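Close look at the chain arrangement
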Amino acid sequence: MEIIMAFVIGFLFMAAVYLILSKSLLRIIIGTGLLSHGAHLLILTMGGLGGEAPPVLTEGAKTFADPLPQALILTAIVISFGVTAFFLVLAYRSYQELETDDISLMRGSDEDE
Amino acid sequence: MLQVLYIFIPMLAAILVPFLYKSIKNIHTGWFVLAVPATLVIIYASYIAKVAKGEVFQAELPWIPSLDISVVSYLDGLSLLFSLLITGIGSLVVLYSIFYLDKHKEKLHNFYVYLLLFMSAMLGVVQSDHLITLYFFWELTSISSFLLIGYWYTRDASRFGALKSMMITVGGGLMMLGGFILLSIMGGTYSIRELIVIAPDLVGHPLFTWSLVLLLLGAFTKSAQFPFYIWLPDAMEAPTPVSAYLHSATMVKAGLYLVARFTPIFAVSELWVWLVTGVGLLTLFWGSFFALKQTDLKGILAFSTVSQLGLIMSLLGGGAVAFHVNGAADLVFKFAAFAAIFHLINHATFKGSLFMIAGIIDHETGTRDIRKLGGLMSIMPLSFTVAAIGSFSMAGLPPFNGFLSKEMFLSAMLALNEFELFGFDTWGALFPIVAWIASIFTFIYSFYFVFRTFAGQYKPEQFPRKPHEAPIGMLISPMILAAFVVIIFFIPNLIGDTFVKPAVQAIQPFLYDSPSAIDIHVSAWHGLQPELFMTIGIVIIGVLLFVALPKWQGLYNLFPRSLTFNNAYDKIMQGLDVGLYRISRLYMTGSMRHYLLYMFSGIVAIVLGTLFVKDAFSISFEGAAPIRSYQIILIIVLVIGTATTILAKSRLTAIIGLGSVGYTVALFFVIFNAPDLALTQLVIETISVALFLLAFYHLPKLGKREERMRFQLNRAIISIAVGVMVTLIALSAHSQKLIPSISKYYKETVYSLAGGGNIVNVILVDYRGFDTLFEITVLSIAGMAILAMIKLRMNRKEKAHENK
Amino acid sequence: MKTNDVILQFTAKIVFFIIFFFSIHIFMAGHYTPGGGFVGGLLTSSAIVLLVLAFDLKTVRTVLPFNYTYLTATGLLLALSTAAFPMFLGEPFFTHFFDYFDLPLLGKQSLHTAMLFDGGVYLVVVGVTMTIIQTIGEDE
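Rules of the game
Residues numbered from 1 in each chain as written. Chains lettered and ligands numbered in written order. Predicted model: local features only at pLDDT ≥ 70, side-chain atom pairs only at ≥ 80, totals over all residues. Heavy atoms only, no water. Helix = DSSP H or I, 4+ residues; strand = E, 2+ residues; numbered from the N terminus. Rg over C-alpha atoms; globule rule 2.2 N^0.38 Å. Buried < 20%, exposed > 50% of the residue type's maximum accessible area, 1.4 Å probe, protein only. Contact = heavy atoms within 4.5 Å. Areas by Shrake-Rupley, 256 points an atom, 1.4 Å probe, with all protein chains shown as cover. Lys, Arg positive; Asp, Glu negative; His and termini not counted. Charge placed at Lys NZ, Arg CZ, Asp CG, Glu CD. Buried area = accessible area lost by both parts, 1.4 Å probe. Salt bridge = Lys/Arg side-chain N within 4 Å of Asp/Glu carboxyl O. Polar contact = N/O pair within 3.5 Å; in protein donor to acceptor, adjacent residues only side chain to side chain. Expected span 1.5 Å × (residues − 1). Patch = residues over 30% accessible without salt bridge, like charges linked within 9 Å, V, L, I, M, F, W, Y side chains within 5 Å. Nonpolar A, V, L, I, M, F, W, Y, C, P; charged D, E, K, R; others polar. 1 Å grid on protein atoms, 1.4 Å probe; cavity = no way out; pocket = protein on both sides within 12 Å on 5 of 7 lines; lining within 4 Å. Points joined across faces, edges and corners; volume = space filled by probe spheres on them. pLDDT = per-residue confidence, 0-100. Core = buried A, V, L, I, M, F, W, Y, C linked by side-chain atoms within 4.5 Å. UniProt positions renumbered as here; feature names shortened; annotations may be inferred. Domains from an automatic or database assignment. Pairing = 2+ DSSP bridges.

What to know about the overall build of chain B
Regarding its fold elements, chain B presents 34 helices and two strands. Taking 2.2 N^0.38 as the reference for a compact globule, 804 residues should give roughly 28 Å; the C-alpha atoms of chain B span a radius of gyration of 36 Å, well beyond that estimate. Taken along the three principal axes of its C-alpha coordinates, chain B extends 115 × 65 × 50 Å. The burial tally for chain B puts 56% of its 804 residues in the buried class. By sequence separation, contacts in chain B at least 24 residues apart represent 80% of the contacts at least 6 residues apart. Surface accessibility of chain B: about 33,300 Å² in total, with carbon and sulfur atoms responsible for 69%. Positive and negative side-chain charges in chain B, numbering 53 and 43 respectively, have mean positions lying 16 Å apart.

Points about the interface of chain B and chain C
By a frequent convention, interface size equals the accessible area lost on bringing the separate parts together. At the interface, 41 residues of chain B touch 44 residues of chain C. Taking both partners together, chain B and chain C bury about 3,800 Å²; carbon and sulfur atoms supply 76% of that area. At the junction of chain B with chain C, the criterion picks out zero salt bridges. Across the chain B-chain C interface, the total number found is four residue pairs in polar contact (both at pLDDT 80 or more). Looking at the side of chain B that touches chain C, the elements with two or more residues in it are α29 (675-696), α32 (759-767) and α33 (769-791) of chain B.

A look at helix α3 (residues 67-98) of chain A
Between its first and last C-alpha atoms α3(A) spans 46 Å; for 32 residues at 1.5 Å apiece the expected length is 46 Å, and the two agree. Within two residues after α3(A), A:Glu99 carries a phi angle of roughly 60 degrees, on the positive side.

Some thoughts on a nonpolar patch on the surface
Residue and element names in this part refer to chain B. A cluster of nonpolar side chains, contributed by Ile 572, Leu 576, Leu 580, Ile 583, Leu 586, Tyr 587, Met 588 and Tyr 598, occupies part of the molecular surface with about 850 Å² of accessible area. When residues of the nonpolar patch are assigned to their parent elements, the largest contribution, six residues, is made by helix α25 (residues 565-587). With respect to the helices and strands, Tyr 587 occurs in helix α25. Judged by its relative accessible area of 42%, Tyr 587 falls in the partly exposed class.

Looking at the interface of chain A and chain B
Each partner contributes residues to the interface: chain A has 81 residues there, and chain B has 104 residues. Roughly 8,300 Å² of surface becomes buried between chain A and chain B when both sides are summed, with 76% attributable to carbon and sulfur atoms. Looking at the side of chain A facing chain B, the largest losses of area belong to A:Met1, A:Tyr18 and A:Leu21, adding up to 10% of the total buried there. In this structure, the connection of chain A to chain B is made through zero salt bridges. For the interface between chain A and chain B, the tally reads four residue pairs in polar contact (both at pLDDT 80 or more). Listing elements by their share of the side of chain A that touches chain B, those giving two or more residues are α1 (2-20), α2 (25-46) and α3 of chain A. Top contributing element to the side of chain A that touches chain B by residue count: α3(A), with 24 residues. Of the residues assigned to the side of chain A that touches chain B, the class counts are 53 nonpolar, 17 polar and 11 charged.

A few points about empty space enclosed by the protein
According to the stated counting rule, one finds nine cavities of 30 Å³ or more in the structure shown. Estimated volume of the largest cavity: approximately 200 Å³. Lining the largest cavity are 17 residues, and of these A:His37, A:Thr84, B:Leu658, B:Glu685 and B:Ser688 lie nearest its centre. Listed by contribution, the elements that provide at least two residues to the lining of the largest cavity are α2 and α3 of chain A together with α28 (651-671) and α29 of chain B. Counting residues per element, the lining of the largest cavity draws most heavily on α29(B), which supplies six residues.

Notes on the layout of surface pockets
If you add up the space inside the largest pocket, you get close to 930 Å³. Lining the largest pocket we find 35 residues, and of these A:Met46, A:Gly47, B:Ala733, B:Gln736 and B:Lys737 sit closest to its centre. Considering every element that reaches the lining of the largest pocket, the biggest residue donor is helix α30 (residues 713-735) of chain B, with five residues. Tallied by class, residues from the lining of the largest pocket come to 16 nonpolar, 13 polar and six charged.

What about the confidence of the model for chain C?
For chain C, per-residue confidence averages 83 on the pLDDT scale, and residues scoring 70 or more make up 91% of the total. Looking at the elements of chain C, mean pLDDT is at its lowest for strand β2 (residues 107-112) of chain C, recorded as 70, and at its highest for helix α4 (residues 68-88) of chain C, recorded as 89.

Quick notes on the nonpolar core
Generally speaking, nonpolar side chains in soluble globular proteins are found buried as a group. In terms of nonpolar packing, the biggest core is built from 208 residues, with B:Leu183, B:Phe262 and B:Trp272 touching the most fellow members. Element by element, the count of residues in this core is highest for helix α16 (residues 334-365) of chain B, at 18 residues. Setting aside chain neighbours within four positions, we find B:Phe262 in contact with B:Leu131, B:Leu134, B:Phe180, B:Leu183, B:Ile192, B:Leu215 and B:Trp272. Residues A:Leu49, B:Val726, B:Leu764 and C:Phe117 belong to the second largest nonpolar core, which totals 125 residues.

Section: the UniProt feature "transmembrane region" (unreviewed entry) in chain C
Residue and element names in this part refer to chain C. Here the UniProt-annotated "transmembrane region" (unreviewed entry) positions come out as residues 12-32, 38-57, 69-89 and 109-133. Helix makes up 90% of residues 38-57 and strand 0%, whereas the separation of the span's terminal C-alpha atoms amounts to 24 Å. Along residues 69-89 the backbone is 95% helical and 0% strand, and the end-to-end C-alpha distance reaches 31 Å.

Considering unusual backbone geometry
Residue and element names in this part refer to chain B. The residue after Phe 226, namely Pro 227, is reached through a cis peptide bond having omega -5 degrees. Positionally, Pro 227 belongs in the loop between α10 (208-222) and α11 (231-234). Along the chain, Pro 398 connects to Pro 399 via a cis peptide bond; the corresponding omega equals 0 degrees. For Pro 399, the location among the structural elements is in the loop between α17 (381-395) and α18 (401-417). Unusually for a residue other than glycine, Ala 224 sits at a positive phi of about 55 degrees. Looking at where Ala 224 falls in the secondary structure, it is placed in the loop between α10 and α11.

Re the domain arrangement of chain B
We note that the domain assignment places domain 1 (273-321 + 330-547) and domain 2 (747-804) within chain B. Relative to domain 2 of chain B, the C-alpha centre of domain 1 of chain B lies at a distance of 65 Å.

Describing the pairing of strand β1 (residues 57-64) of chain B
All names here are of chain B. Bridge count between β1 and strand β2 (residues 69-75): seven bridges; the pairing is antiparallel. Counterpart to Gln 58 in the pairing with β2 is Tyr 74. In textbook terms, the turn of a hairpin is the stretch between consecutive antiparallel strands, and for β1 and β2 this stretch comprises four residues, one of which, Asp 68, has a positive phi near 60 degrees.

And the structure:
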């Protein structure tokens, strides 16, 4: 299973990077969303997908899934939510102000001076 | 311990200054500040008697114990003399500034905070025994000097001067740090005293010459030696109390202190003697020669300071010669180090008073241009008297202290002529000649300064203000200093025994056991010696040249501007500016996508490189979890969802695609036994969808006509590379478990130590609580940022107003 | 856009309470079973979002007159002070304490300072999520 997941995660990352490198603001945001999904799955897979029960102490429990990657991912999920929301607002605010969503037109340099 | 705290008293007092300034408006803040250096003078004065007997005091305060760094206050003759100069002149300067800076117009809190900061830093420089803390205080003096020069920061010249001084002195300080580190590598210790003890072992070390040169670079930049002196004239943009304090009496002497302090370590080197003496003499001549070109009163004094610093520097070099002569204590060489310290004291007195007079003239007439000034003698008689005393002392005339130290300087230079090592027998004759010529110029500029200002024709129409004598408060400080100028002439041996000899013993510890062993007696009259004839020659030629000055001053304009060091500095700074800008423009294109391409390629290169170097490609299929059919279905859904986001034509489709990926990931969490994650992911996904819906109205469409992305090769290559990289990481991580999972510890202790059952949650709130704490902080920042972006923006009306 | 779907609004009201109490349960039980401050906070927010979708922001604002910015700040403060509190007892930063108590009606229960910290997390999550939703929703 881990082997297949490795390829699925690779595909997610590839799609995410491809979207992030596009010109459209919205696609970039979607790309970052995909990137965080990929990263979460990657952490989970790296920790191993075995384990027969959730990492909760119960009577007669045998082997747990590894709790540490899960804790890390939980943190990451919430952060990525904050970041996505931030990007979303940043994107539409800059769209309102600059009246374009093409980031190749949004250059910080003073070339046009 | 207490002794170390004395260093920090000014810094601690600086904290109170802004509050005093804000709350007590009627009383000039300077009066409160004055108490600080005045108290410290008394404290340090209590050490004088014991230190004069040769005792030393030491105290230590650990700072970074793990790196063996501590603040050590070490008071011997040299440190105490400097500490007294810093606090004594400091008191007079603060007193002077009370009348110089208007309490209603000036930002006094800034001024005094910087000044007190400087005072602490300077005390730290001269008392530190630890190389690293010495460096720390050294750079702190550069920074406070930067702040003080730029005190009137609205003026271009102030900012330029401040930056220039900082560039040069901080640059030199970094060199010095290099020298210090090499020293500590050679000697295995950071303590200066320990280094001095093992100094004979250091000489043969291959790094010895390097550390010597680097250390001297630090000293030369700080003490404005040739060719680094260029920052000092520009530093005259500082308020005059600062010029009097930092740029003549104390900070510029830090370089001299450094050379004096390290003489016992480096004096055995031929290079040291040549560099210190040679650069000192060159600076002496250069400064005195170009002082006559200046038209600004403070400019003259700046070049004069450069020149006098060179004089002391050359004397310190001469003092190092004593290490190469058997029985030096009996020979003429002994005068050099004594003269250096003696002149250092004298210079502080007469130059301090002259700077204050320059400030008074500026304050009362509104100009410092010597071409406009003249005939002020009858209007400002007190200022004239002080200026005349200071100038005559600087010119080396009796009955002022400058005469004594100048005579000793000439003796020392004549003695160098007779020194027979290092090729001095061929070049040695140059030393007295250069010294003599430079003294003539010193004589001329001293007269130039005082007589062009106070004698000659009175031209009131050229002054921005109607001139009158300064208020008495402003005159107190220069008058005290001028009084010292005269008094020292009559009691030179008292000063010599109390201050100079203990300091000399610190410079030449191998020659003398105690300060009283130094057999030097200063006298104004010592027979018809060559020194006396040289002085008479200086006076005669000096007077003649001064009278003829208007005829030959025009010669200075023949020097082309393009060949000056100032021009070189400007060119270097400009070149760096333009060159670095061009380089950064090569890759800083301003395009986000270019930056992202750099980053992704960089990450891929680094990670794949590491995998390759560490040979982490071996992939095993062991221990993998079994594959089940419903998992395959989920994977298919995930892939389809991902593909949808790439191929979607409309934004709604793309968002739905992303949502489907998110929910599938949640299902993955369910089947991989992560209920917490699954719950969180489900709820987050729901809220995200709501968020996208709310923001949907504002969002841009995908391209102008809602079209599919065009395929781009370089993007595709980078994305595939990243995908491959991540796959390899995942496979490698699965195949090679280098260290056992830490989770075992969590499982064992979760109930007994943390009293919980859900390990994931306990990790979040207990084991790794820091993560969570910072995470919610980040989350709050994101929330605040969103709030700010939407709520705190300017509306169009305000923006239109702004643009006007 | 004032929606006026009576059935939707009625259902939303009921579902809101169900989700809300469920979120409180999830939050409280987090130490022993799946759940905790994050999920609890997010569920509470989603319950409020549901109300927002069924009614509109203005109505929800009058019903739940919280200043979510303050809520975030309170949460942060609570989390930080829980973490810092042990320092006053001479323990390292972030030391947690717990003990078991016999409470009337509830029987034997454990009380944790970690719970307070999780409460801070809960408040921050609710505060931030609602701040985001509210500001975006109210924009123009």
